[in-house]
Amino acid sequence: MATKIILPEAELPTHWYNIVPDLPSPPPPVLHPGTHEPVGPDDLAPLFPMDLILQEVSTDSYIEIPEEIREVYRTWRPSPLYRAHGLEKLIGGPARIYYKYEGVSPVGSHKPNTAVAQAYYNAKAGVKKLSTETGAGQWGSALAFACSLFGIECEVYQVRASYDQKPYRKALIETFGATIHPSPSPNTNYGRAVLESDPDTPGSLGIAISEAVEVAATNEDVKYSLGSVLSHVLMHQTVIGEEALKQLAMVDEKPDVVIGCAGGGSNFAGLAFPFVREKLAGTMDPVIRAVEPAAAPSLTRGSYQFDFGDTGQMTPLVKMHTLGHPFVPEPIHAGGLRYHGMAPLVSHLQELGLIESNSLHQTETFAKAVDFAQAEGIIPGPEPTHAVAEAMNEAERAKEAGEEKVVLFNLSGHGHFDMAAYQAYFDGHLVDYEHPQHQIDEAMQKVPVVAGE
Ligand SMILES: *Cc1c(COP(=O)(O)O)cnc(C)c1O
């Protein structure tokens, strides 16, 4: 079994890390969807409170974490780092494997690290209600939990297919006092339009984002909240990597490989960005790799260009690796990884050659996750099965090469609400999807052309 490397509570990070000032070139600007001119803080004010907008565009390297947020973090942070002795024994090779476990949070994933921060700043700004989307339900539960702490209402639009498949996530969201609607819904203009043209649609994250944005944009006291992709969200997650750096130092280790699964990019960035900082400073030289599903391969097969964050074309344009905003993914079980784009910062880092990416099929990731669960006693969520599998492949390659590698990965959440996915795997019902090139080409034709790009 694993051994736990516990960081004392006094070592809880005091600051979030902003990677932007450390990069050799700044990330491209965010563009207005109509004019294609760079947006300023005021353009974003209908959707977000000013504190978060200023974090989104900040060029400070560190932003102090308010004590009210640290107080909540302390109920489960610092999260444990585990040395995977059980897994190492199973592989039987020289690799030393470590994982940071974010499943210890109240809703079982890394997402409360930013949900708590976002609810805090919105409450501070006098916002009465937050609207948001959720895929598999992890983000909806995290924001519902955070809103209940700070006394604001929360309205969640959940992708229809997941709403029907995952009744326990809905109950969890309602337990924290939020309201939840299947998306597309009759509540919004955009939802009604989609339902009219396709009444049986399973929905998508892109559609649910359009609905949640519409609710915030058309109601004075409602703001919008996003669980991934945006730079301030990635920054809130850097507590993961800052803690992991200290925990590895406690056992005198430096990683050779750092791995995270990537949907919108937030748990990957949260672990990886502090290690990128160290790599840029020359204190260590790990390979840093994002792993995504072959069914939603934005980093590995998408093109790097300006696109909308949502299907309804309401969000600003961001430069990212995208499969095209009309993308409706196959119903793979890693619901949190079914997004058409990738965080602009993660995309930019890949362009700069600071990180790399790989894609895997779900039958492989579930097979490896089952081995992992038996060796380590933790059942990974469907999303981090991708990180687990990549780390195990890395350790196997080290064994073949006879190399003593140190592998670190982010176990972003547990799978206790996703046992139907494991059951489907055991019953032989999991199917591998390779996202077809002609569908990427078709979706990309709808992506706007930005002059000079
Ligand atoms: C949402 C989620 C993901 C994917 O989102 P990222 O922003 O890419 O991290 C991964 N793992 C878990 C457990 C999630 O809940």
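Residues numbered from 1 in each chain as written. Predicted model: local features only at pLDDT ≥ 70, side-chain atom pairs only at ≥ 80, totals over all residues. Heavy atoms only, no water.

Asks: Give me the pattern of salt bridges: which residues, what numbers.
Replies: In total, this model carries 26 salt bridges according to the counting rule given. Two residues, Lys129 and Glu155, come together in a salt bridge whose shortest N-O distance is 2.9 Å. In this pair, Lys129 is assigned in strand β6 (residues 129-134) and Glu155 in strand β7 (residues 153-159), connecting sequence segments 26 residues apart. As far as burial versus exposure is concerned, Lys129 and Glu155 are alike and both buried. A salt bridge links Lys405 to Glu394; the nearest nitrogen and oxygen atoms lie 3.3 Å apart. Of the two residues, Lys405 sits in the loop between α17 (385-401) and β15 (406-411) while Glu394 sits in helix α17, which places them 11 residues apart along the sequence. Given the relative accessible area of 21%, Lys405 is considered partly exposed. (Salt bridge = Lys/Arg side-chain N within 4 Å of Asp/Glu carboxyl O. Helix = DSSP H or I, 4+ residues; strand = E, 2+ residues; numbered from the N terminus. Buried < 20%, exposed > 50% of the residue type's maximum accessible area, 1.4 Å probe, protein only.)

Asks: How would you sum up unusual backbone geometry? Please name residues and give values.
Replies: Residue Pro78 is reached from Arg77 by a cis peptide bond, and omega for that bond is -10 degrees. Within the fold, Pro78 resides in the loop between α3 (67-73) and β4 (81-83). One non-glycine residue, Val229, adopts positive backbone phi at about 70 degrees. With respect to the helices and strands, the residue Val229 is situated in the loop between β9 (222-224) and α11 (231-236). According to the relative accessible area criterion, Val229 is buried, its value standing at 9%.

Asks: Talk me through the environment of Glu196; I want residue IDs and the actual numbers.
Replies: Counting through the fold element by element, Glu196 comes out in helix α9 (residues 189-197). The spacing of Glu196 and Pro186 is 10 residues in sequence and 9.7 Å in space, taken between C-alpha atoms.

Asks: How would you sum up the sheet that holds β6? Please name residues and give values.
Replies: Spatially, β8-β7-β6-β9 is the arrangement adopted by the four strands of the open sheet, whose pairing is parallel. Taken across any chain shown, the strands that pair with only one partner, and hence form the sheet edges, are β8 (179-183) and β9. On average, adjacent strands in this sheet sit at an angle of 25 degrees to one another, irrespective of strand direction. Two strands pair when backbone bridges link them, and β7 and β8 are joined in this way by five bridges, in the parallel orientation. Paired with Glu155 across the bridge in β8 is Thr179. Helix-sheet contacts for helix α10 (residues 205-217) involve β6, β7, β8 and β9, and the interaxial angle to β6 is about 170 degrees. (Pairing = 2+ DSSP bridges. Axes fitted to C-alpha atoms, helices over the stretch in contact; angles between N-to-C directions. Contact = heavy atoms within 4.5 Å.)

Asks: Please give an account of the side chain of Glu56 that cites residues and values.
Replies: For Glu56, the position within the fold is in helix α2 (residues 50-56). Separated by 3.0 Å, the side chain of Glu56 and the backbone nitrogen of Ser231 make a polar contact. The residues touching Glu56, leaving out its near neighbours within four places in the chain, are Leu230, Ser231 and His232. (Polar contact = N/O pair within 3.5 Å; in protein donor to acceptor, adjacent residues only side chain to side chain.)

Asks: Provide a residue-level description of the site of the ligand, including the pertinent values.
Replies: Not every one of the 18 residues close to the ligand is listed here, only the nearest: Lys111, Ser228, Gly263, Ser266 and Asn267. One of the backbone nitrogen or oxygen atoms of Gly263 is found 2.7 Å away from an oxygen atom of the ligand. Within the side chain of Asn267, an N or O atom sits 2.7 Å from an oxygen atom of the ligand. Coverage of the ligand by the protein chains reaches 97% of its 380 Å² of free accessible surface. Here the residues of the shell around the ligand sort into four nonpolar, 12 polar and two charged. (Near = heavy atom within 4 Å. Areas by Shrake-Rupley, 256 points an atom, 1.4 Å probe, with all protein chains shown as cover. Nonpolar A, V, L, I, M, F, W, Y, C, P; charged D, E, K, R; others polar.)

Asks: Lay out helix α19 (residues 437-444) in plain terms, naming residues and giving numbers.
Replies: Within α19, burial applies to Ile440, Ala443 and Met444. Seen end-on, α19 carries its buried residues on one side only, within an arc spanning 100 degrees. Buried residues along α19 sit in contact with α14 (298-301), β12 (303-308) and β13 (317-322). (Arc of directions from axis to C-beta.)

Asks: Talk me through the packing of aromatic side chains; I want residue IDs and the actual numbers.
Replies: Using the criterion set out here, one finds 15 aromatic pairs in the structure. Chaining the aromatic ring pairs together yields one cluster made of Tyr82, Tyr99, Tyr101, Phe372 and Phe409. The residue whose ring lies beneath Arg277 is Tyr17, and the NZ or CZ to ring-centre distance is 4.6 Å. (Phe/Tyr/Trp six-rings, centres within 6.5 Å; stacked < 30°, edge-to-face > 60°. Lys NZ or Arg CZ within 6 Å of the ring centre and 35° of its normal.)

Asks: Give me the pairing of β15: which residues, what numbers.
Replies: Counted residue by residue, β15 has six buried out of six residues, so it is predominantly covered. A two-sided burial pattern is seen for β15, the buried positions comprising Val406, Leu408 and Asn410 on one face and Val407, Phe409 and Leu411 on the other. Summarising the sheet, strand β5 (residues 96-101) and β15 pair through six bridges and their orientation is parallel. The partner of Tyr99 across the bridge, within β15, is Phe409. Where strand β10 (residues 257-261) lies against β15, three bridges are found, and the strand directions are parallel. Directly across from Val258, in β15, lies its bridge partner Leu408.

Asks: Describe the state of the cysteines, listing the residues and the values that go with them.
Replies: Evaluation of the coordinates by the stated rule reveals zero disulfides. Here Cys154 is not cross-linked by a disulfide; its sulfur's nearest cysteine counterpart is in Cys147, at 4.2 Å. (Disulfide = S-S within 2.5 Å.)

Asks: Please give an account of the sheet that holds strand β1 (residues 3-5) that cites residues and values.
Replies: The seven strands lie next to each other as β1-β4-β5-β15-β10-β11-β14, forming an open sheet whose pairing is mixed. Each edge of the sheet is formed by a strand with only one pairing partner; in this case those strands are β1 and β14 (356-360). Neighbour to neighbour, the strand axes of the sheet diverge by 25 degrees on average, direction disregarded. As paired strands, β4 and β5 are joined by three bridges and run antiparallel to one another. Among the inter-strand pairings, Tyr82 is bridged to a residue of β5, identified as Tyr99.

Asks: Describe helix α13 (residues 266-281), and please don't skip the residues or the numbers.
Replies: Compared with an ideal rise of 1.5 Å per residue, which puts 16 residues at 22 Å, α13 spans 22 Å between its outermost C-alpha atoms and is within 8% of the ideal. Remark: the principal bend of α13, roughly 40 degrees, maps to Ala272, with a proline, Pro274, within the next four residues. In the stretch just after α13, Gly282 is the one whose phi turns positive, near 80 degrees. (Expected span 1.5 Å × (residues − 1). Bend = angle between axes of the 7 residues up to and from the residue.)

Asks: Residue-level account of the environment of His414, with values.
Replies: Of note, His414 is situated in the loop between β15 and α18 (419-426). Put simply, His414 and Ser109 are 305 residues apart on the chain and 6.7 Å apart in space, counted from C-alpha to C-alpha. Here His414 is in contact with Tyr101, Gly103, Gly108, Ile379, Pro380 and Gly381, once residues within four sequence places are set aside. Polar contacts involving the side chain of His414 include one to the main-chain amide nitrogen of His416, which spans 3.1 Å.

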